[in-house]
Amino acid sequence: MTNSMEKLPFLPFTRPSIDEQTIAEVADVLRSGWITSGPRCQALEAALSERFQGRPVRLASSATAALELALRLCGIGPGDEVITTPLSWVATANVILAVGATPVFVDVDAATRNIDLARIEAALTPRTRALIPVDLAGLPVDRDRLNALAARHSLRVIEDAAQAFGAHWAGREIGSFGDLVSFSFHANKNLTTAEGGCLVLNNAQEARAFEKLRLQGVERFPDGSMDVEQWGGKANLTDLAAAIGLGQLRQVDAFNARRRALAQRYFERWDTSLGFELPPADFVQSNWHMMQPLLPRALAPRRGEFIEAMKAQGIGVGVHYPAMHLFTLLRRLGWRQGQFPVAEDIGARTLTLPLFPAMADTDVDRVCAAIASAVRTLQG
Ligand SMILES: *Cc1c(COP(=O)(O)O)cnc(C)c1O
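Residues numbered from 1 in each chain as written. Predicted model: local features only at pLDDT ≥ 70, side-chain atom pairs only at ≥ 80, totals over all residues. Heavy atoms only, no water.

### Quick look at the pairing of strand β3 (residues 102-105)
We apply this condition: Strand pairing requires that DSSP identify at least two bridges connecting the strands. Think of it this way: any DSSP run of H or I at least four residues long counts as a helix, any run of E at least two long counts as a strand, and we number them from the N terminus. If you view a crossover with the strands going away from you and the path from the first strand over the helix to the second runs clockwise, you call it right-handed.
Two elements, strand β2 (residues 81-84) and β3, share 4 bridges in a ladder whose sense is parallel. Looking at the pairing, Thr84 lines up with Phe105 of β3. For the crossover from β2 across helix α5 (residues 91-98) to β3, the handedness is right-handed.

Okay, structure coming up:
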């Protein structure tokens, strides 16, 4: 590579954008004397609720916590089965295991890389209680088919929309409709609070039940007394985190517009002769949480070398995700190689390229040039 290229700063696959105003507002919280759950959390819940057509929203310390408590809210536990995708962050299965239920995987669709809705009915049993769809990379699962299927079989839907903040289905924003919807505010997500998440619920009763699950099961009464009727955990968000979230919420639509523009540039600059498979070119519904081409099959066994060759050119490439049913934890429950060939193939070839709002157009060009160079290096 040329010297000029080596001098460029390292380009990570993602980086949060926190503006000075937000930093000042976090400092205000630190000076206020009230740093854990308080007025900022309430303000963020109210702002999110307004965004989601008035549906109640409750914050949590992570999306993992929100999902686990959502399962508990639905009364799902030992003996119950929950259907989900093998192509997600392992949190999606871990929350099902956390409540003592059984995760049941269904292969993904090769084009969308999301759960293949046509295969769900074959996986239903009398024990199936819920579906956890995942909008991988922010490309939404077909909500019309999903919700019709759930209604037909009386299943709860707990949307793992961790990656889908600002994504839309048929003109409606994800979160503004459906059953329970969880978002993640982890540092890498389109809207961050460093760590955090939320659950969009159906009504005030569910919201109150979630509040108790989130904080030790405690119910406080106007006279200052309290009672605990049922188990609750510890999954509240801090006002420090909520202050970051309020700042992010002011900018998230601009962030997502910038992500879409950068994704579009990837498509324009892409050298199709290299044989990679690009994700669906959806510049309307997806929030472009990630840009994920699949390596050509011939190079799949050499993904590690490809990532190293990119790193040598100052470019960070991630892997989100290997098919999770092949993790030891899930193999121990009986899941095996060969059961979900589409997810296994995508999981073995997927790459996450740099895509974040502060990136320059020329960064996309740089990544595209580096990919061509890395392929040449591998083909030696
Ligand atoms: C990030 C993520 C989670 C977990 O979110 P946390 O806030 O880190 O707990 C769950 N599912 C998916 C699909 C994710 O991308």
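### Details of the state of the cysteines
Our working rule: Cysteine sulfur atoms are paired as a disulfide whenever they come within 2.5 Å of each other. Only protein chains enter the accessibility calculation, which uses a 1.4 Å probe; a residue whose area is less than 20% of its type maximum is buried, one above 50% is exposed, and one in between is partly exposed.
By the definition in use, this model includes 0 disulfides. Take Cys74: it sits in no disulfide, and the sulfur closest to it among the cysteines is that of Cys198, at 16 Å. Of the residues examined, Cys74 reaches a relative accessible area of 8% and is grouped as buried. Free of any disulfide, Cys198 has its nearest cysteine sulfur in Cys41, 12 Å distant. Given the relative accessible area of 0%, Cys198 is considered buried.

### Some remarks on the sheet that holds strand β1 (residues 57-60)
The test is simple: To obtain an axis, a line is fitted to C-alpha atoms, over the contacting stretch when the element is a helix, and the angle between two such axes runs from 0 to 180 degrees between their N-to-C directions. Contacts are assigned to residue pairs with any non-hydrogen atoms lying within 4.5 Å of each other.
Strand order across the open sheet formed by 7 strands is β1-β9-β8-β5-β4-β2-β3, with mixed pairing between neighbours. Looking at strand neighbours, the two that pair on one side only are β1 and β3, the edges of this open sheet. The average undirected angle you get between the axes of adjacent strands in this sheet is 25°. Two strands pair when backbone bridges link them, and strand β4 (residues 128-132) and strand β5 (residues 156-160) are joined in this way by 2 bridges, in the parallel orientation. The residue of β5 that forms the bridge with Ala130 is Arg156. Strand contacts of helix α3 (residues 39-51): β1 and β9 (197-200), with the helix running at about 135° to β1, the strand carrying the most contacts.

### Concerning the packing of α3 against helix α9 (residues 239-269)
The criterion, for reference: Oblique is the label for any angle not covered by the other classes, which are roughly parallel (under 35 degrees), roughly antiparallel (over 145) and roughly perpendicular (65 to 115). A clockwise turn of the near helix away from the far one marks a right-handed crossing, whereas an anticlockwise turn of less than a right angle marks a left-handed crossing. Polar here means any residue other than Ala, Val, Leu, Ile, Met, Phe, Trp, Tyr, Cys and Pro, which are nonpolar, and Asp, Glu, Lys and Arg, which are charged; Gly is therefore polar.
Put simply, α3 and α9 touch, their axes get as near as 7 Å, and they point 30° apart. Taken together, the axis directions place α3 and α9 in an arrangement best described as roughly parallel. As α3 runs across α9, the sense of the crossing is left-handed. From α3, Pro39, Arg40, Cys41, Ala43, Leu44, Ala47, Leu48 and Arg51 reach across to α9, where they touch Asp239, Ala242, Ala243, Gly245, Leu246, Leu249, Val252 and Asp253. Within the contact of α3 with α9, the residues separate by chemical class into 11 nonpolar, 1 polar and 4 charged.

### So, the site of the ligand
Using the following cut-off: Throughout, the term near means that a residue has one or more heavy atoms lying within 4 Å of the molecule or strand in question. Think of a polar contact as two N or O atoms within 3.5 Å of one another; within protein, one of them needs to be a possible hydrogen donor and the other a possible acceptor, and neighboring residues in sequence only count if both atoms come from side chains. Here the open area of atoms and residues is found with the Shrake-Rupley method and a 1.4 Å probe, where only the protein chains shown may cover a residue.
If you check the shell around the ligand, you find 16 residues, and the closest are Thr64, Asp160, Gln163, Ser184 and Lys189. At 3.5 Å from an oxygen atom of the ligand is found a main-chain nitrogen or oxygen belonging to Gly196. Contact with the protein chains removes 94% of the 380 Å² of surface that the ligand exposes when unbound. Of all the secondary-structure elements, those providing two or more residues to the shell around the ligand are α4 (63-73) and α5. Partitioning the shell around the ligand into residue classes produces 6 nonpolar, 8 polar and 2 charged.

### Things to note about the pairing of β9
Across the two faces of β9 the burial is the same, with Gly197 and Leu199 and Cys198 and Val200 all buried. Looking at chain direction, β1 and β9 are connected through 4 bridges and run antiparallel. When the sheet's bridge partners are listed, Leu59 is paired in β9 with Cys198. Bridge count between strand β8 (residues 180-184) and β9: 4 bridges; the pairing is antiparallel. Bridge pairing links Ser184 to Gly197 in β9.

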